[in-house]
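# Coordinate inspection notes
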Amino acid sequence: MSLGLQGGGSLGAFAWGVLDQLLDTPRLTFRMVSGASAGAMNAALLAQGLSTGGPAEARRLLEAFWRRVAVAAGSPDTAATPWLFPLVGLLAPMVNAMRSNAHVYSQPQINPLGHNPLSRILDGLLDPTAFGRPQGPTLFVAATRARTGEPRLFRDSEVTAQVLLASACLPQLFASVDIDGEPYWDGGYSSNPPLRAMIEAGGPADLLVVRTSPIERPEPPPTDAAGLLDRTNELSFGAALRHELRSLAFAQRVLASQQKSRGVLARLRDTRVHMIGAEEEFRALKGGSRQDPSWAFLQDMRSLGHRAAETWLTNNLASVGARSTFQLKEPAQPGLSA
């Protein structure tokens, strides 16, 4: 199975819970994994864990990462390892600014020294030498070229701590991350998460996407400044996924009768799509939740991920290898209209 992990700040802890549950399912093996932003962090630690110690090590690394995020935000778990406490509060000033008046302040005002606490969070946890090993999944991480808005996908040994920082570089908080002389911003703007790259690279026919935002908000759109900012951020981070799904749906529609197709065309035609999310629960979250790295909220998201994955496994595991369990036509329909 190929696995795509959507970014979404603290909502990435939902995917942590999903992965925790899926890793306990022997029938599921992940041959390729991709992500952007928080999804890239989850994808990298999942790939590293599976490459170096199997599902148990992947679970350990994911939990360690999200605990470190809480500690850096000034919200340590009471059982946190004492040596983590130098991280306490590193993220707090930026988080507070983002949750209150990020639309008023510039990035240099929020983070005048240009520090990126995520580098400290990854320090001693991330091992890029684990990527690309035969026993682990192929890894794709997306970042956005700040000059053009185009995505760049980093694969396996190309993925370093610097690449992950680029993939999670929210420009409201952090200065752009330079790689080979090119400035990068958050991968969520352009490829959230990368899907076709896994298909085209020869990934398994089953593709599972873990969402961190609702597909639809039927209520009237917000009119207050904070609500507008939150919703526009959600839309911009969801646009890349919608585009990929529309592209895949169109390819499958065109290729449905082309049974003699081979190679990439055959893989696009035969891809079976699955999706795990929590539509009603995502809609019910209060504004600014993606900027809430408190340990209590991260635990809530992890528990929600557990429940969503358990429900999906109960209803859909038997269909893996046989048919899609997510209907592409729903998000793709606007792109397919005559």
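A few points on the structure. In this convention, every chain numbers its residues from 1, walking through the sequence in written order. Per-residue local features of the predicted model are confined to residues with pLDDT of at least 70, and side-chain atom pairs are confined, for both listing and counting, to 80 or more; whole-chain, interface and lining totals are unaffected and use all residues. Hydrogen atoms and water are omitted, and side-chain values are computed over all heavy atoms in the structure.

## What about unusual backbone geometry?
In plain terms, the rule: Helix and strand definitions follow DSSP, with helices as H or I runs of at least four residues and strands as E runs of at least two, each counted in order from the N terminus. Relative accessible area decides the class of each residue, using a 1.4 Å probe on protein chains only: under 20% of the type maximum gives buried, over 50% gives exposed, and in between gives partly exposed.
Following asparagine 192, the chain continues into proline 193 via a peptide bond in cis, with omega recorded as 0°. Summarising the element assignment, proline 193 is placed in the loop between β6 (182–185) and α8 (196–200). Phi is positive for serine 37, close to 60°, though the residue is something other than glycine. When you line up the elements, serine 37 lands in the loop between β2 (32–36) and α2 (38–52). Residue classification places serine 37 among the buried residues on the basis of a relative accessible area of 6%. The residue aspartate 180 is not glycine, and still its phi comes out positive at about 55°. Note that aspartate 180 resides in the loop between β5 (177–179) and β6.

## Some thoughts on the pairing of β6
Consecutive side chains along a regular strand alternate between the two faces of the sheet. As a reminder, the rule being used: Any two strands with at least two DSSP-identified bridges between them are counted as paired.
Direction of pairing for strand β3 (residues 138–145) relative to β6: antiparallel, over a ladder of 2 bridges. Of the residues in β6, the one forming a bridge with arginine 145 is tyrosine 184. Relative to β6, β5 is paired through 3 bridges, and the arrangement is antiparallel. Each bridged residue has a counterpart across the sheet, and for aspartate 178 the counterpart in β6 is proline 183. Following β5, the chain reverses through 2 residues before pairing antiparallel with β6; aspartate 180 in that reversal takes a positive phi of roughly 55°.

## Here's the deal with the packing of α2 against helix α3 (residues 54–72)
Put simply, the rule is: Convention adopted: a line fitted to C-alpha atoms gives each axis, helices being fitted over their contacting stretch, and angles between N-to-C directions are expressed from 0 to 180 degrees. Handedness of a helix crossing follows the sense of rotation of the near helix relative to the far helix, less than a right angle counterclockwise being left-handed and clockwise being right-handed. Throughout, a contact is declared for two residues whenever any of their heavy atoms are within 4.5 Å. Residues are grouped as follows: Ala, Val, Leu, Ile, Met, Phe, Trp, Tyr, Cys and Pro are nonpolar; Asp, Glu, Lys and Arg are charged; every other residue, Gly included, is polar.
Two numbers describe how α2 lies on α3: the axes approach to 7 Å, and their chain directions differ by 145°. Between α2 and α3 lies a crossing whose hand is right-handed. Only Gly54, Pro55, Glu57, Ala58, Leu61, Leu62, Phe65 and Trp66 of α3 make contact with α2, whose side of the interface consists of Ala38, Met41, Asn42, Leu45, Leu46, Gln48, Gly49, Leu50 and Thr52. Residues belonging to the contact of α2 with α3 are distributed by class as follows: 11 nonpolar, 5 polar and 1 charged.

## Description of the pairing of strand β1 (residues 2–5)
Here is the rule we go by: If you view a crossover with the strands going away from you and the path from the first strand over the helix to the second runs clockwise, you call it right-handed.
Burial along β1 is two-sided: the residues Ser2 and Gly4 and Leu3 and Leu5 are all buried. Here 4 bridges tie β1 to β2, and the two strands are oriented parallel to one another. Paired with serine 2 across the two strands is methionine 32, which belongs to β2. Viewed along the sheet, the connection from β1 through helix α1 (residues 12–22) into β2 turns out right-handed. Sheet topology note: the β1/strand β7 (residues 206–210) ladder contains 4 bridges and is parallel. Within β7, the residue paired with glycine 4 across the bridge is valine 209.

## Observations regarding α2
The line we're drawing: Expected helix span is given by 1.5 Å per residue-to-residue step, counting one fewer step than there are residues.
The first and last C-alpha atoms of α2 sit 21 Å apart over 15 residues, in line with the 21 Å expected at 1.5 Å per residue. Note on α2: the residue one or two positions beyond its end, glycine 54, has a positive phi of about 80°.

## With respect to the environment of glutamate 216
The residue glutamate 216 is located in the loop between β7 and α9 (225–255) in this model. Residue glutamate 216 is classed as partly exposed on the basis of its relative accessible area, which comes to 46%. Sequence separation between glutamate 216 and arginine 283 is 67 residues, and the spatial gap between their C-alpha atoms is 8.4 Å. Leave out the neighbours within four places in its chain, and glutamate 216 touches Arg242, Glu279 and Arg283.

## A short note on the pattern of salt bridges
Our working rule: Salt bridges are identified by distance alone: a Lys or Arg side-chain nitrogen within 4 Å of an Asp or Glu carboxyl oxygen.
Tallied over the entire structure, the rule returns 18 salt bridges. For aspartate 20, the salt bridge goes to arginine 302, with nearest N and O atoms at 3.3 Å. Taken together, the residues span a long stretch of sequence, with aspartate 20 in helix α1 and arginine 302 in helix α12 (residues 295–316) at a distance of 282 residues. Given a relative accessible area of 14%, aspartate 20 falls into the buried group. For arginine 302, a relative accessible area of 18% translates into the label buried. One salt bridge in this structure joins aspartate 270 and arginine 269, with 2.8 Å as the shortest N-O distance. Relative accessible area serves as the criterion here: at 14%, arginine 269 is assigned to the buried category. Several salt bridges converge on common partners, so that one network encompasses Asp20, Asp24, Arg59, Glu63, Arg67 and Arg302.

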